[in-house]
Structure formats: structure tokens, C-alpha cells
Amino acid sequence: MVREIAGESFDRALTAVLSQRGLRADALSLPIVNLWEWLDSAGGEQGRAITPLPRQVRHLIDMNDAAFLRIVIADAKQSQPNVDLEHPAVVERWAAAAVKVETQLRAARDQAANARRGRLPKGQHGSAVQRLRVAVDAHAMISARSLMADLLLKDLRLQIVRTYWQEPFQRYRLARQKEAAEAICRAEPMLATEVSRAVAEHRVTCRHHSARNPCLGCGPEVAALVRERMSSSRSTGVRARLAPAVAANVPSEEAQAEQRSPCSVSPDSFTCAPTGGGLVGVTEVRYDDTTGRFGFAWLTAYGEWGTGDGQAVNVHDAWLQAVCSSVLELGGGMARTQVICRDARAASVVNHVLKVRLIAEELGFPVIERTRELLAHLMRCRGRASAAANDCPERHRGVAGAAQLADLALTAHQAGGPEVLAAAAEQISEAIRGLAQATDMPSRENDGGARWLTGGESDAGDVGWQSPVRRAQVSGGWTALPVGLRAEPSAMRRLRLVINHPVRQSPTKTTESEVLLRHIGDRWELHGVVWPKKLLPGTLITFRWRVYQHLITASTELLPHPHRVDDVTYQHRYDIGAVTRDGAPGVGEDGEGLDLSDSAWVMRTLRTLGHLSADGSAILAEEALVSNCLELGMPRSRVDRVHPAVERMLTKRQLGRVAGSVDANGQPSHPPRPGETRAKLLRYVPRVERLVPPPQESPKHVGGGEQVVGGFVRRLPAGRQASDEQIELHQEAVRAKRVVNRPLPDGYTFVRPHRRNR
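Not measured: the values here are computed from a predicted model. (Residues numbered from 1 in each chain as written. Predicted model: local features only at pLDDT ≥ 70, side-chain atom pairs only at ≥ 80, totals over all residues. Heavy atoms only, no water.)

1. Observations concerning the overall build of the protein
1) Next: Helices and strands together make up the secondary structure of the protein, namely 24 helices and 25 strands.
2) Next: Per-residue burial for the protein yields a buried fraction of 43% across its 758 residues.
3) Next: A sequence separation of at least 24 residues applies to 67% of the contacts in the protein between residues at least 6 apart.
4) Next: Element-wise, carbon and sulfur atoms account for 51% of the exposed surface of the protein, whose accessible area totals about 41400 Å². (Helix = DSSP H or I, 4+ residues; strand = E, 2+ residues; numbered from the N terminus. Buried < 20%, exposed > 50% of the residue type's maximum accessible area, 1.4 Å probe, protein only. Contact = heavy atoms within 4.5 Å. Areas by Shrake-Rupley, 256 points an atom, 1.4 Å probe, with all protein chains shown as cover.)

As C-alpha cells, then:
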């Protein structure tokens, strides 16, 4: 309690208590460095003096880094290890130096190996072999020494953890913290009075207090009450008598408002919190301290809403129940869902439970059994749900709307409350939907190319449509219905989706999932879709649904013969435009820090931002290429390498340069249109190859014909290196999981899949 309120003053008092015993300020915490010193001095009631070290060990500790590095290198070149390096007082430094030495000796070994493989003057072959043998032996020895140092260091850390959690050390730690708290209370008797008063009041009202449960998890809540009393200008003068250092930890409301960063997002926006994709909702809570009753409401950017109420033992418990209920109502446990709230502790508990799939006995604050039940239901949403805390001082439209509904939800049990709540919710929902339409805020980039089948929607409500599955849909588990659905079904409806995915030369595979029908923006979407395994982005899927039933059927169609599109083989019918977009290098990943070659950045930009044609080709003005690469996240330091990469790709015919034109909005056209500005355009055309199996030969020719060879890594002659194109092909094969995910070694190249005669 005193530590949480006093803050830095408590830390200074604890440092003084430890200094009187000859201990460092971090002597009561788990150490990160100086492990042996901490372990040797920990444990006693008054600490222990450092154990005298052997002279050779003390000499190793006192020498500078360069000298110590030379000792480790010399040890690596000897057959007998230096036992002084294995002393616990030195092992931490030895392990750090062994890593550096291993890197140096590995480089020396590789250099000697390269020299051995090259052409050598007559008479130097033997000396080169001897140098290589010495370098290999030294690297092998330092590798063994490094492993030994790492194991000894792990053993030392294990001893520290065991010592830290043993009862004698914990008693010693609590005793020193108690001394520091007593020193604060002697200096500030009024602080001690307020703490004692708040603790006594809490023990009377806390439902979980007992001899076995002395309210250890309630400390932050009680400390918040003490800070509130001390920060009040109407308090009994406690704040005025606090020492300046302690008072600095209890800022006034004006100071707290000044410390908050101003929000740069417009107040008219729905929220300023960053979202992680999927369904996003803002949750607000209103808690009554006297009765323990609370009301909550959630709201989405598209006007969907929900409310509820309940009982809680504290405000954090209320927030935790509200977040859990909002996730379960918003996503139904099927879709990716994120709930934004203003309680960081509740959000932290939700994310921790979802991560470890375990509800701890102590959650940091008291909760009722109902809260644990909601957390148990929430654990089934692992991987599809998350919570985020956002305590922005600006009341954005989403927060304000949810707060208004939460106020009404708290009083909805009164006469006339449900009607008032429903009327207010409809009004707020309509305003939020208008905000989304005014800001042109689509739920997705587009409708994914969904189009009605012949006949569209019948009068009986039978609908059929076809759309390519996009990479974002596969990863997010959703799909969109075409715009213009006349017989609109009810939202928040659960349906069964059955996808038939035939596979060549094997039985048809069926994937079933329970999906949630949501009205997002101006169209409908299905969330919680389980797609067939190894479904390639761009594959065309045909959907059929009788709107008033609960079953949707979908299917893919095999091609007469497989197609190879840019080294990716499609067995099913596909949309070439979606393949162009979703097959770009690094698609679906954040451009910031993306590890791509120069050619891959050019291809990624052209295929992602270029003007798409019906045949899957993409064109982009060459003068706009650099700015578009930067827009996708390419480092600015690589700007000068873009145009040389383009010239290499043109030479290899990976791209083409065509004459075209650009209109007033920068939209390119090929061939050029009259009245538009002439411009050079870069053009990407997908390479599509129809894979027709060779005709079966007569028995006398068995053993001939072609053989399909998969991609593989091959060693090059000495002194040769792989080209940029082969490095890029290797990276694409790694991303497509066709080869093992490891860097292409020096002196090796990647051989793309090909055919050869047997």
C-alpha cells in the first residue's frame, strides 16, 4: 500500500535500508547481470560478505574486455580447458565472450575453406590445407566451450531463482520492505493514518477477506481510494502535510489532464484506438459503488449495438464482465473480434486468459463467480478475440454513444427503462451509420469480386453468387455477399456453411462451419468461415443459399488440366485478377520492416497498386513507381536501387515497358487514349501455363518421357554467387512452403521447378 502510494519516496527509503547493510539497491530483485555477486550476497538476515576468490579468478574479473577476449581465444586453441573460466564468478563473462569468439573463428574457418577451394599457386596447397585444419579445430573447440559456458550460466540462473523464491529470502525481502514503509510512515504520520483507515474499511466490506486470504489482491484498489482522498481539495489537510516527494505521486486532476497527450484524431471519428482487424466494438461501463450494480453497452462503427447489466464487487470486475460479454455477443465466438475499453486491468486479464488458457486463482482484483464463468466461455475464442485499453481524454463518437447507452442500461430495470433504452439505441445507431457513410468507411477493401450468378436473386429468395476467395478472407475467416441482396435476412443470425472442395484423384473433401451473418456497412458478410486446407487465394467459389433457410452450400470446380500461374499450380478454377493481387511478394504483410529484394519491391508495388485489367495484367506509370514503393513501406534508403532493378527485370522479361497515357487523376491507360498525357508504363503480365500430361507411351518406351523436378538448392562453382533473380525465386518458394525456410547460403543458388527427360 505505502509503496504504491509513495512511489519514488518508498524506493529511496528502501535503498537507504539496504545501503545500511552494505547491499545494492537491486539486492531484493531478480538480477539480470552480476549474477554471482547477487547469489553470493543473498540469503542472510544481515547479508554476507563476498566470498574471497582465487587469485587467478580475480585476475580474470579485473582484466579489460580485450585482454579477456584473448584469454578465451587462447583457450579455444588448447586441448585442455582453462578451469578458471568455469568458476561461477567468471562464467557470465565467459559466456558473453564465447559468442563473439565463435563468430570470429567461424569467419576464419569459412575464409580458409574458400581459399582452399580456389586456385592456389604451386606449393601452397599443403599450407592451405593445414590452415583449414587449424581453423576447423579451433571453431569446433570454441563451439564446445560456448555450449559449456551456456549450460553453466543456465545452472547459475537456476540457483538464483531457487534462492529468490525460498522462504528465508522472501522473509528477508518483506522485512526490508516493511522497514522502508515504516520509515515513510514515521516521516508522514498522516499518510499512515489514511492507509490504516482505508485498510480497516476495506476489510469490513470485502467479501473475500479471511485469515487465509488477507486481501493481497485488493492493494491497488485500496491505494486508489487513498490517492483519491489525498488528492481531494476538501480532504482534512492530508495533502498539504505530505512531503513534496510523496505529494508528487498524487497529481491533481488538472495535472493529470495536462500530462495526457492530446488526441490528434478528430472528435467526430468513431474511435482513435488502433484496431487489429475483424469486428471491432467500443465498450463502456457505468458502475454504482453503493449497490455494486453496473450497466454496459457496446457499439460498432456500423451502428450495431448491445447492452446488459449485472452485479460486481468492484469497478474492475464490472469492466471485466462487460468486455467478456461484449466479445461473446459481438463475435459469437466465431469471428475475429476486438473490444476497446477504458480499463487496462480488465483488458490485461482478458488477453492473458486467452493466451495461457487458464483462469488464475488471483486475477489482481476480486471477482465474482459470474466473471469466472464468462472467462471460461471466452477461452473458447482463443485466436479470435482480444481486448485493448484506450483511455483517450477525447470523447469520440463511439465512446460517447456507448457511454449514453451504458447509462440507460444501468437504469433499464426501472419502469419504462427498456423502451427508453431501445429508442435511444436506435437513434445512436442511425447516427453512427450515418458517420460511417459520410466518412466512406467500407468494412473491406472491396466486395472481393463477388457477382451474382445468372438470374440473380429469385422471388422465392434463392440466391447464387460466385466470388474468388482472397488472402485476407482465408486468414480472417470471412466472406462477403454481393451488394444488392433484396430479401434481407435478420442480422446476428447463425447459419451452417458447407464447402465442397474436390481434389484430383481423391474423394471430394467437405468442410463445414457455423457462421455468423453480419450487416457491415452497406452489405452482408459471413464471419467464422472455416476454409478448406491448402485453398489457394484467387480460387473461385460458387455459393447457393435459400435466404430463409439456415444452410449455405459452396463448391469449387476442378480445371480440366491444372494451370501454372507464376510458379503456383492451380487445380481449381480461379480469378486471374485476384491471383495477380494476392500473389504479389509480401502480400498480406506489413510493409514496415518487410525483408524483400529490390526486384520483389518493384513486383509487389506493380501487382498491388497497378491498374488491373481483365486478363490479370497490371500497369503503372514508371515515374510514379518510386512513390508507390514508398507508400507500401519500402525503406527510403533503397530509392536509388529501384530503377536499376526495373532494368534488370526488363532484361529478364519479368516486366514490360509499353507506351500509354495518364489522365488528370493519374489513372494509366494502354494503349494511349486521345487527350491524355503520354507516359511510359510498366506492365506485368502473369505467366499462365496449361499443364497437359504427356501422352501415355507404348510399353516398349517405358522409362522415357519427361520427369517433373521440384525446386532445390545447388552448390555453385568456386567464386560464383546466386543472381538476384534466383534469390528472389528462393524467397518466393520459401513463402509458398515449397522449400525449407532457411537463408540461401553463400556459394549456392536455387534451381526453379522444371521438367527434364528421363
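2. Regarding the pattern of salt bridges
1) Next: Applying the stated rule across the entire model yields 25 salt bridges.
2) Next: In this structure, aspartate 65 and arginine 93 form a salt bridge, with 3.0 Å as the shortest nitrogen-oxygen distance. In this pair, aspartate 65 is assigned in helix α5 (residues 65-76) and arginine 93 in helix α6 (residues 88-117), connecting sequence segments 28 residues apart.
3) Next: For aspartate 65, a relative accessible area of 60% gives the class exposed.
4) Next: In this structure, glutamate 284 engages arginine 286 in a salt bridge whose closest nitrogen and oxygen atoms are separated by 3.4 Å. (Salt bridge = Lys/Arg side-chain N within 4 Å of Asp/Glu carboxyl O.)

3. Quick word on the packing of helix α14 (residues 315-331) against helix α15 (residues 344-356)
1) Next: Running from N to C, α14 and α15 cross one another at 50°; their axes reach a closest spacing of 8 Å. Comparing their axes, α15 and α14 come out oblique. Once α14 is placed against α15, the crossing between them reads as right-handed. Along the contact surface, α14 presents His316, Trp319, Leu320, Val323 and Cys324, while α15 presents Arg345, Ala346, Val349 and Val350.
2) Next: Of the residues assigned to the contact of α14 with α15, the class counts are seven nonpolar, one polar and one charged. (Axes fitted to C-alpha atoms, helices over the stretch in contact; angles between N-to-C directions. Parallel < 35°, antiparallel > 145°, perpendicular 65-115°, else oblique. Left-handed = near helix turned anticlockwise from the far one by under 90°. Nonpolar A, V, L, I, M, F, W, Y, C, P; charged D, E, K, R; others polar.)

4. Some thoughts on helix α8 (residues 167-187)
1) Next: Between the first and last C-alpha of α8 there are 30 Å, a value that for 21 residues agrees with the 30 Å anticipated at 1.5 Å per step.
2) Next: Where α8 is concerned, the buried positions are Phe169, Gln170, Tyr172, Arg173, Arg176, Gln177, Ala180, Ala181 and Ile184. (Expected span 1.5 Å × (residues − 1).)

5. Comments concerning the nonpolar core
Across soluble globular proteins, nonpolar side chains have a tendency to be buried as a group.
1) Next: Judged by nonpolar contacts, the single largest core of 54 residues is most densely connected at Leu320, Val350 and Leu375.
2) Next: When residues of this core are assigned to their parent elements, the largest contribution, eight residues, is made by α14.
3) Next: Sequence-distant contacts of leucine 375, that is, excluding residues within four places in its chain, are made with Leu320, Cys324, Val349, Val353, Ile359 and Leu363.
4) Next: Leu23, Ile142, Ile160 and Ala223 belong to the second-largest nonpolar core, a separate cluster that totals 48 residues. (Core = buried A, V, L, I, M, F, W, Y, C linked by side-chain atoms within 4.5 Å.)

6. Focus on the sheet that holds strand β20 (residues 677-684)
1) Next: Pairing in this open sheet of five strands is antiparallel, and the strands run β16-β17-β20-β18-β19 from one edge to the other. Of all strands in the sheet, those bounded by a partner on one side alone are β16 (611-612) and β19 (668-669). (Pairing = 2+ DSSP bridges.)

7. Some remarks on the confidence of the model for the protein
1) Next: For the protein, the mean per-residue pLDDT works out to 79, and 82% of the residues sit at or above 70.
2) Next: Note on residues 43-49: pLDDT is under 50 here. Beyond four places in sequence and across chains, it has 14 contacts.
3) Next: Under a pLDDT of 50 for its full length, residues 233-260 has, in the predicted model, 39 contacts with residues more than four places off or in other chains. (pLDDT = per-residue confidence, 0-100.)

8. Remarks on the packing of helix α4 (residues 55-62) against α6
1) Next: One way to put it is that α4 packs onto α6 with a least axis distance of 10 Å and a crossing angle of 35°. α4 and α6 meet at a crossing whose hand is left-handed. Mapping the contact onto sequence places Val57, Leu60 and Ile61 in α4 and Ala89, Val90 and Arg93 in α6.
2) Next: Residue composition of the contact of α4 with α6, by class: five nonpolar, no polar and one charged.

9. Some details on the packing of aromatic side chains
1) Next: In the structure shown here, the tally under the stated rule is three aromatic pairs.
2) Next: With centroids separated by 5.0 Å and ring planes inclined at 10°, the aromatic side chains of tryptophan 465 and phenylalanine 543 adopt a geometry described as stacked. Of this pair, tryptophan 465 sits in strand β7 (residues 462-468) while phenylalanine 543 sits in strand β12 (residues 540-546), and the two are 78 residues apart along the sequence.
3) Next: Pairing tyrosine 570 with tyrosine 574 gives two aromatic rings, centres 5.0 Å apart and planes at 45°, and the pair type is tilted. By the burial criterion, tyrosine 570 is buried, and tyrosine 574 matches it. (Phe/Tyr/Trp six-rings, centres within 6.5 Å; stacked < 30°, edge-to-face > 60°.)

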